[in-house]
Amino acid sequence: MQPDADLRQSTRGVFVYEAPASRVIFGINALDRLPREIERLGLKRALVLSTPQQQPLARTVAGLLGATCAGIFANAVMHVPVEIAHQARVEAARLGADCVVAAGGGSTIGLGKAIALQSGLPVVAVPTTYAGSEMTPIYGLTEAGRKVTGRDRRVLPKTVIYDPLLTLDLPPSVSVTSGFNAIAHAVEALYAEEPNPVTALMAEEGIRALVQGLPSLVEDPRDPDSRGHCLYGAWLCGAVLGTTGMAIHHKLCHVLGGTWNLPHADTHTIVLPHAMAYNYAAAPQAMARIARATGTTNAATGMFDLIKRLKAPTALGDIGMKHADLPRAASLAMSEPYYNPRPVTHEGIAKLLDDAFFGRRPVL
Ligand code: NAD
């Protein structure tokens, strides 16, 4: 029998797999374990973080923690403005907090990371979307409208508690785009500059779990099993984002989200099949794995069809992008070199963006 193609390719050179150091607690009612987990880390005063919309969750978490809760900071917003990060750090210091518990999506966890980056306080994450930030040492901060990202081990949460029950109220439309945001991490991990067989199997399994969970979640948003599938998939997809590099898809989404403030998960959903089509011929092994995980014969058109079937957005023109801004987006995406399996050209990006703007089904 032939060895697995990814393994054969990887073992011809040297491959590196660095496991993220987070401890994961996963399952229905896993949140109940939070006080034990805080105690296990030897922590005594937790500042609980949330968005204004998720204050009820923050209060539940605070109630569970009892005397171990130092206070609540419920001002997390998208893309972590430096002013909010500063306010949160001041509040943590004022309350004598020795850790933060970030309960929410990527925005809240991003705030926890921003606190950790400068204060060194450990983060315990309780994710409620599928964005996957809790599994990565990647942080982002926005100053004067410009988002900068970086990697730092200090921001990686020490413990992550995944409780599918906390995602039951995530609206189906948001759940679907959040799920494609997660799938995008796994797709790019499969054709990353330094792929490895361990990451590849996690990525494929992550995509498979989400592709299985998302349609049933749309049918019954309060089904804990579908939610569990999606959260499990999000965990794996976030983990591979944390251990590998990114390519054209993430670069474009970063440019579009950062410059035109487009909604994060929607942008990922729309761009994904086009980025896959762009790299299709240059990454045959990755595409074969994705096709297997999604149960399709063509990974890129199959992804587009699934997005459409789940009624998620398919056109940048529908989420606030202007056609006249596409040339600038293409120039920005070309401004710094980065790895991509197929060489990145201005014409190639311009066509990709035009297709994504109108929501055309990719043609390979
Ligand atoms: P989000 O955290 O901004 O949440 C979106 C909205 O949904 C918020 O209003 C929030 O309060 C609400 N919400 C969250 N969970 C809910 C639930 N279970 N029920 C009801 N409402 C809920 O969105 P997101 O997509 O999770 O995160 C996006 C941010 O995360 C972006 O800034 C992105 O750059 C960042 N991100 C970072 C990484 C990383 O590795 N650093 C990875 C992915 C995303």
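Residues numbered from 1 in each chain as written. Predicted model: local features only at pLDDT ≥ 70, side-chain atom pairs only at ≥ 80, totals over all residues. Heavy atoms only, no water.

**Q** Help me understand the domain arrangement of the chain in this model?
**A** Bring the parts together and some accessible area is lost; that lost area is often taken as the interface size. Each assigned domain of the chain is listed with its residue range as follows: domain 1 (3-14 + 170-358) and domain 2 (30-162). A straight line from the C-alpha centre of domain 1 to that of domain 2 covers 26 Å. Counting residues at the interface gives 24 residues for domain 1 and 16 residues for domain 2. Of the roughly 1600 Å² buried between domain 1 and domain 2, counting both surfaces, carbon and sulfur atoms make up 62%. It is Leu231, Trp235 and His254 that lose the most area in domain 1 upon contact with domain 2, and together they represent 28% of the buried surface on that side. Across the contact surface, domain 1 and domain 2 share zero salt bridges. For the pair domain 1 and domain 2, the number of links is six residue pairs in polar contact (both at pLDDT 80 or more). Broken down by secondary-structure element, the contributors of at least two residues to the side of domain 1 that touches domain 2 are α6 (172-190), α8 (224-243) and α9 (248-260). (Domains from an automatic or database assignment. Contact = heavy atoms within 4.5 Å. Buried area = accessible area lost by both parts, 1.4 Å probe. Salt bridge = Lys/Arg side-chain N within 4 Å of Asp/Glu carboxyl O. Polar contact = N/O pair within 3.5 Å; in protein donor to acceptor, adjacent residues only side chain to side chain. Helix = DSSP H or I, 4+ residues; strand = E, 2+ residues; numbered from the N terminus.)

**Q** Teacher, can you tell me more about helix α10 (residues 264-279) here?
**A** Structural remark: α-helix, 3.6 residues per turn; residues separated by three or four positions point the same way. The end-to-end C-alpha separation of α10 is 22 Å, in line with the 22 Å expected for 16 residues at 1.5 Å each. The largest bend along α10 measures about 35° and falls at valine 271, with the proline proline 273 one to four residues further on. Taking burial as the measure, the 16 residues of α10 include 14 buried ones, the bulk of the element. (Expected span 1.5 Å × (residues − 1). Bend = angle between axes of the 7 residues up to and from the residue. Buried < 20%, exposed > 50% of the residue type's maximum accessible area, 1.4 Å probe, protein only.)

**Q** Please clarify how the sheet that holds strand β1 (residues 23-26) should be interpreted in this entry.
**A** Strand pairing in a sheet relies on backbone hydrogen bonds, with the paired strands running either antiparallel or parallel. Read from one edge of the open sheet, six strands run β1-β8-β5-β4-β2-β3, paired in parallel fashion. Since the sheet does not close on itself, it has two edges, and those belong to β1 and β3 (69-73), each with one partner. Strand-to-strand twist in this sheet, taken as the mean axis angle between neighbours without regard to direction, amounts to 15°. Here two bridges tie strand β5 (residues 123-127) to strand β8 (residues 159-162), and the two strands are oriented parallel to one another. Looking at β8, one finds that valine 124 is bridged to threonine 159. With respect to the sheet, helix α4 (residues 82-94) is in contact with β2 (46-49) and β3, its orientation differing from that of β3 by roughly 160°. (Pairing = 2+ DSSP bridges. Axes fitted to C-alpha atoms, helices over the stretch in contact; angles between N-to-C directions.)

**Q** Explain the packing of aromatic side chains here, please?
**A** Aromatic ring pairs are defined here through the distance separating the ring centres and the angle between the ring planes. Going through the model one piece at a time under the given rule, you end up with six aromatic pairs. Between phenylalanine 26 and tyrosine 232, the ring centres sit 6.4 Å apart and the planes meet at 85°, which makes this aromatic pair edge-to-face. Residue phenylalanine 26 is found in strand β1, and its partner tyrosine 232 is found in helix α8; the two are separated by 206 residues along the sequence. With 5.0 Å between their ring centres and 80° between their planes, phenylalanine 357 and phenylalanine 358 make a pair best called edge-to-face. (Phe/Tyr/Trp six-rings, centres within 6.5 Å; stacked < 30°, edge-to-face > 60°.)

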